[in-house]
Amino acid sequence: MDWLSSHLLSVLIFLPAIGALLVVVAPTRNAARWTAVTFAAITFCLSLSLIGVFKWHGSPQTALYAYQSTSNTFGVVQLVERADWIPTFNIQYLVGVDGLSLPMVILTTFIFLLAAIASWKIEKMAKGYFILFLLLQSGLLGVFLSLDFFLFYVFFEISLLPMYFLIGIWGGPRREYAAIKFFLYTLLGSIALLIAMIGTYLASKQVIPGGTFDLIQLAEARFHLPVSPHAIMYFVLLLIGFMVKIPAVPLHTWLPDAHVEAPTPISMILAAVLLKMGGYGLFRIAYPLYPEAAQKLWLLVAVIGVVSIIYGALCALGQTDFKRLVAYSSVSHMGLVTLGAAMMTNASVNGAIFMMIAHGITSAMLFFLVGVIYDRAHHRDLTRLGGLASSMPAYWGFSIVGFAANMGLPALCGFVGEVMVLIGTFMALNGNQVLIAHGYATRRQIVTIAIIACFTIVLSAAYMLWTLQRIFMGPQKPEYNALPDLNQNELLVLTPLAIMTVFLGILPMVFVFAFTDTTVAGLMKIFGLPA
Amino acid sequence: MPTPALLLLIATLLPLASFVLLVFLGKRLGNPLAGYVATIAIAGSFACSLVAMMLWADVSPASKWGMGLQPLNLTMRWIPIGSSAFPNGLHQDHAGFLDLGMYVDSLTIAMFSMITLVSTIVHIFSIGYMHDDKRFSQFFCYLGLFCFSMLGLVVGGTLLQLFIFWELVGLCSYLLIGFWYQKKSAGNAALKAYVTNRIGDVGFLIGIGILLFHVGNVSLPALWILLGDAGFGGAVTLPNGEVFTSHLLTLCGIGLFCGAMGKSAQFPLHVWLPDAMEGPTPISALIHAATMVAAGVYLVGRIFPILTPEAKLFIAIIGCVTLTLGALIAMTQRDIKKILAFSTISQLGFMMLAMGVGSWIGGLFHLITHAFFKALLFLGAGSVLHAMHHERDIARYGGLLRKLPVTAVCFGLAVLAIAGVGFGHVGFSGFYSKDLVLAHAAAFTTLAHHAGKSAAWGLFFTLPAAVAYVTAFYMARCWMLTFWGKPRDLRLYSKAREAPIMWIPMVALAVLTIISGAPWFNVTGLLNASIRETTAYCQQVNPQFRGFQSRLALEEPTDERGPEARDSRDAAPTPGSVQELALLHGRDLVKKYVAFAFVFGIGLAIFFYSNGYQRVRPLMKVGLIRWLHTWLYHKMYFDELYMYVFVAITLGFAGFSAWFDQYIVDGLVNATAWCTRRLSMAASWTDDRVVDGAIRSIASLTRDVGSAARAPQTGRIRLYVTLLLAAVAVGIAGAIVVVILHSSAGH
């Protein structure tokens, strides 16, 4: 037990991989399924136990973005495990958890559990599917838990391959095109990340003897001062690396294709977890390591965010394929994450993190809802659907919750993230906030950005409700009369998601902010702000 | 928690409980049990509100709350926005958090009683009205959610909470407008309502954003205390020394008002309300007449102290345009529900005008009286529709007085109320509230005259005064065409029956319609108490607070005797001041010009419509009148304008974006891929010819690995391995560049 509690994070990361090994030796298809679901469930429970072990009762005033220590300051990074890996370059096996990664980890294990249940219907090469599935989970947990840049990069890459095969083998008719597009795009990001990583390591040699890949140490060392052309270059490279993942316009076109071709559970994971690697990377690496460069380039990032928000929403409005529409709505919502990062205020960063969690829940739900109708009607053409409210009342009920959450209806999770990012953007106008205080932004620029961003609430309502109308309202169509309503398996997936949208929307403090608040306060100090 | 607050909390949560219960058990409970459950819940809410009202009004000196004493402000932290980033100089309970909370004063209690009462009546009515609907339980389920959201809105102590419930009532409105979703028109109307509201909400959000960045808090009391001087024009200095310029304050006020414009169907966002009549009629009565659409007025009432004179002027102009436009269009409509819808728009315009000219009490008083008589009108219309097989065209009614006597009488009483019938000091409810609004509008124009403004400012009185005549006319027209004359569709007429279950709700509302404005009913007393309470509360912190005082938009920052001379706890203007003289003059104007508007209006309607359309037919032959009629009948073509301009542009943009994304952005990506492939082919060709055998053997090794990995994949695997290698090569090259850069930077 003692061993477990001191190696909790490592166990968490590698447990799914062990599960994958067991799936290899599983005798039957059903055994493979049960093994996968069991391991996903155990991992989920284990990740919940993190909440018990995690110390989150620090005050934001004393919170520091640092390792926990015995002094009276409150280091937010906890449960650290450290081992030398490649000593020549000071590369370590270094994992730890703070308020930024904890919600991501729980989101990951939660979505993987539901996706495993949703994968029950996979018949084609089920064993291979579940092996890749569990490997993917290990990779993603590694990304969210590693605090060493090199380790992060390794996990970042590891998570890429299973996804490539999951889309390329189990996907729809154009799966190979979508898979290779996804792969190459992400590879492009990886190269940028690789260069930035090596550059950062070399630059760190000037302040830390021998250099380091330790992300927390790098952030604390503030080696980037003053803003050098190098810092700007590395920041831009990191930005490219993560913007591909988020995805931000104009690097987003892999997403609709990947989603349209991916099988339902993989779509859920792709939208709910994989995209979060990008947002998480921004907050874990790009911003803490190069805060000055980030402030200098805030307008670029903010414009990318706003363009993603509005352009993504407009594209969604113009779609007739249900799944493409949801994919573009992801682009729009993840634009809010980018915007939240760009504004660098406490509220906007908290909001962006919340948005990632909220989007994880709602997008998983929406993609699953798409899958439900695709299974029955065998197409996703919005112009041909209609009148389903009468034949599938339970499906209609869950859809209202999912759609409403996605368009930011209060009391559901989408609202909190959306409104906090927007409020945080307005708050950047305040003289105490970093962009104005450091003189990088003018009030007029911020107001313009904020006002344009606010129009997302009109567009999201328009495309979501119009979709709702096209699928469910209108006279009942004879060809869909006999469609069965949700079955047990589908209810099993949708109910937890629906419950989470409500809980997150009503009690954001309990579920997310209790953890993120202190970490974000620590990040704010890194950005150059007193808490 | 103090008892009144607790009671209101229970009153708010009861409908939520009914909603949750019906979501899970609605089908099993079925018809009519589900209706009973919902009705009992909302009746319980009403009982709670009533007890709260009694406790509140019972002013024993020992009690800590009650009329004229302390309002209750309870808050809880909700989301963090950064701990000490926004010191505004005010002591805050939860600095660095956005709060949810309750703010309870007399206005809250008055609104609660009104909303729960009307809701209860509408619930009872609906049990009869919806009895043959297949989705009976779902209807009451939505109703429960609506009542919860509406009560949550009214009890909200922060702008954020108002916004939250604001959106929720919007969703309920969406679901209920689209309740009969099999009809295409219902789905369209629901979508239109929600999206139009959201356009207003953008303004709301911007307003909240502007307030937040300066003040760091959006709890209503904090805003009142900090920005209570905004109403007197000029910049406001916060206690921490920051200056909130008057331009920004105006922008913020107009932004918040945009939200109210959407919800209260003010011009130019009024287009959704007539379409919303696609919903079941009890919904039109409750949501789209009595409660939700009035939420905009309520919001303006709550943010009143922080509105600058310019913002108020904007509100007055919008109100004036809306009330005129609504009344004119209502004159020509043939659909009974649309007549009522436009009448609602017009009356909401009256309320907004009242707010804009500084008549806080007038606006909210009219809100409450209007809720009763408009709900009655809609229930009456519902009863007619029920009897007439949902035929909504009044051209096919006529002579229904004999078939539906109770409905006709009740509807008639409501018509008299909305027309403002009254003599001297006694009249129907609408008489009192409308006169109050008009008197304040007249006082406003008088002050404008004093201040040397142009004659155009007179429109703030002449337009509403003229509309008072029009209102009496179109409402009397509606009644005459429905209940008087000869039946124009005998088939429908012969089958018409009145359902007795609908009598009780209508009679109850009829009683309220008659009495709710009377001085002894004391709505204005309650509203005055609200002002006193809020003022007293704010003055505990800011002794200078005068946010509600004599708030005409044109008022000079100080009158001759200086602000100190006023009794800042009372809403009435100081005796002898310019304001009071203007008010007296205003009352005279109303007595002289508007007191008998109903006589002309109703008389004209009786003259023209005593026998169906016969007397107006000759008028229609006049070109100008026919042209005007067509223009008004088509709602001034606003729908077409919006459809072919804004909606078409947005959808066009959307289509273009989708096309652009697929063919241009993605096309570029594919083109790059194509080029890379050609390039790599060329490279491999060169490679084959140029590089020697050692390299070739490595290449063949690569090929072997490639074909081994090909098992699960067919086709592009070689390309992808090549590209992977190329990518790694580029990465290494980049790394080398970085190393070189660094080594050179190191020196």
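Residues numbered from 1 in each chain as written. Chains lettered and ligands numbered in written order. Predicted model: local features only at pLDDT ≥ 70, side-chain atom pairs only at ≥ 80, totals over all residues.

## Some words on the overall build of chain A
A tally of helices and strands in chain A yields 24 helices and 3 strands. Computed over the C-alpha atoms, the radius of gyration of chain A is 22 Å, within 12% of the 24 Å expected from 2.2 N^0.38 for a compact globule of 531 residues. Here chain A holds 531 residues, and 66% of them are scored as buried. Of all intrachain contacts in chain A linking residues separated by at least 6 positions in sequence, the fraction that spans at least 24 positions is 77%. (Helix = DSSP H or I, 4+ residues; strand = E, 2+ residues; numbered from the N terminus. Rg over C-alpha atoms; globule rule 2.2 N^0.38 Å. Buried ≥ 20, exposed ≤ 12 C-beta atoms within 10 Å, placed from the backbone. Contact = placed C-beta atoms within 7 Å.)

## Quick notes on the overall build of chain B
A tally of regular secondary structure across chain B gives 26 helices and 6 strands. Within chain B, contacts between residues separated by at least 24 positions form 79% of all contacts whose residues are at least 6 apart in sequence.

## A closer look at the packing of helix α16 (residues 346–377) of chain A against helix α18 (residues 393–406) of chain A
Packed helices, taken two at a time, are described by their axes: the angle between them and the distance between them. Residues and elements named next belong to chain A. Packing of α16 against α18 leaves a shortest axis separation of 9 Å and a crossing angle of 145°. Considering only the axes of α16 and α18, their crossing is left-handed. Here α16 contributes Thr 362, Met 365, Leu 366, Leu 369 and Val 372 to the contact with α18, which in turn contributes Tyr 395, Phe 398, Ser 399, Gly 402, Ala 405 and Asn 406. Residue composition of the contact of α16 with α18, grouped by class: 7 nonpolar, 4 polar and no charged. (Axes fitted to C-alpha atoms, helices over the stretch in contact; angles between N-to-C directions. Left-handed = near helix turned anticlockwise from the far one by under 90°. Nonpolar A, V, L, I, M, F, W, Y, C, P; charged D, E, K, R; others polar.)

## Details of the interface of chain A and chain B
With 66 residues of chain A at the contact, the number on the chain B side is 56 residues. Counting only elements with at least two residues in the side of chain A that touches chain B, the list comes to α7 (160–170), α8 (175–204), α14 (298–317), α16, α19 (413–427), α21 (443–454), α22 (456–472) and α24 (508–527) of chain A. For the side of chain A that touches chain B, the element with the highest residue contribution is α8(A), accounting for 11 residues. Of the residues contributing to the side of chain A that touches chain B, the split by class is 49 nonpolar, 15 polar and 2 charged.

## With respect to the sheet that holds strand β2 (residues 74–86) of chain A
Residues and elements named next belong to chain A. Spatial strand order, β1-β2-β3: 3 strands in an open sheet with mixed pairing. At either end of the open sheet lies a strand with only one pairing partner, and these are β1 (63–67) and β3 (91–97). Averaged over neighbouring strand pairs, the angle between their axes works out to 20° when direction is ignored. For β2 and β3, the ladder comprises 6 bridges, and the chain directions are antiparallel. Within the sheet, the bridge partner assigned to Glu 81 lies in β3 and is Val 95. (Pairing = 2+ DSSP bridges.)

## What to know about the nonpolar core
If you look at the biggest cluster of nonpolar residues, it comprises 490 residues, and the most contacted ones within it are Ile111(A), Ala286(A), Ala364(A), Ala375(B) and Leu376(B). Examining the composition of this core, we find that 19 residues originate from one element, α16(A), more than from any other. With sequence-adjacent residues up to four places away left out, Ala286(A) is seen in contact with Phe235(A), Leu238(A), Leu239(A), Phe242(A), Gly281(A) and Ala294(A). (Core = buried A, V, L, I, M, F, W, Y, C linked by C-beta atoms within 7 Å.)

## Things to note about α8(A)
In this model, α8(A) (30 residues) spans 42 Å end to end at C-alpha, consistent with the 44 Å of a helix rising 1.5 Å per residue. Taken across its 30 residues, α8(A) has 26 buried, putting it largely inside the fold. (Expected span 1.5 Å × (residues − 1).)

## Quick word on helix α3 (residues 29–53) of chain A
All names here are of chain A. For α3, which comprises 25 residues, the first-to-last C-alpha distance of 36 Å matches the rise-based estimate of 36 Å (1.5 Å per residue) to within 8%. What α3 keeps buried is the set Ala 32, Arg 33, Thr 35, Ala 36, Phe 39, Ala 40, Thr 43, Ser 47 and Leu 50. Buried residues in α3 make contact with α2 (8–25), β3, α4 (101–118) and α5 (126–145).

## Points about the pairing of strand β2 (residues 97–104) of chain B
Residue and element names in this part refer to chain B. By the criterion of burial, β2 is predominantly enclosed, with 8 of the 8 residues buried. Across the two faces of β2 the burial is the same, with Phe 97, Asp 99, Gly 101 and Tyr 103 and Leu 98, Leu 100, Met 102 and Val 104 all buried. The pairing of strand β1 (residues 72–80) with β2 spans 8 bridges and is classified as antiparallel. When the bridges of β2 are listed, Leu 74 appears paired with Met 102.

## Digging into the confidence of the model for chain B
Residue and element names in this part refer to chain B. Averaged over chain B, the pLDDT score is 83; the fraction of residues at 70 or greater is 89%. Note that pLDDT drops below 50 for residues 550–571; the model gives that stretch 47 contacts with residues more than four away or on any other chain. The complex model carries a pTM of 0.89, and its ipTM stands at 0.90. (pLDDT = per-residue confidence, 0-100.)

## Quick look at the packing of α14(A) against α22(A)
Residues and elements named next belong to chain A. For the pair α14 and α22, the least separation of the axes is 9 Å and the interaxial angle reads 20°. Our classification of the angle between α14 and α22 gives roughly parallel. With respect to the hand of their crossing, α14 and α22 are arranged in left-handed fashion. Of the residues in α22, those in contact with Ile 309, Ile 310, Ala 313, Leu 314, Ala 316 and Leu 317 of α14 are Thr 456, Leu 459, Ser 460, Ala 462 and Tyr 463. Tallied by class, the residues present in the contact of α14 with α22 amount to 9 nonpolar, 2 polar and no charged. (Parallel < 35°, antiparallel > 145°, perpendicular 65-115°, else oblique.)

## Quick notes on unusual backbone geometry
Here Ile246(A) and Pro247(A) are connected by a cis peptide whose omega angle stands at -15°. Note that Pro247(A) resides in the loop between α10 (229–245) and α11 (254–261). Despite not being glycine, Met125(A) shows a phi value in the positive range, around 45°. Mapped onto the elements of the fold, Met125(A) is located in the loop between α4 and α5. Unlike most non-glycine residues, Met636(B) shows phi in positive territory, near 60°. Among the structural elements, Met636(B) can be located in the loop between α23 (623–633) and α24 (638–690).

## A look at the environment of Ser126(B)
Residues and elements named next belong to chain B. Secondary-structure assignment places Ser 126 in helix α2 (residues 106–129). The buried category is assigned to Ser 126, around which 28 C-beta atoms lie within 10 Å. In sequence terms Ser 126 and Pro 282 are 156 residues apart; their C-alpha atoms lie 6.2 Å from each other.

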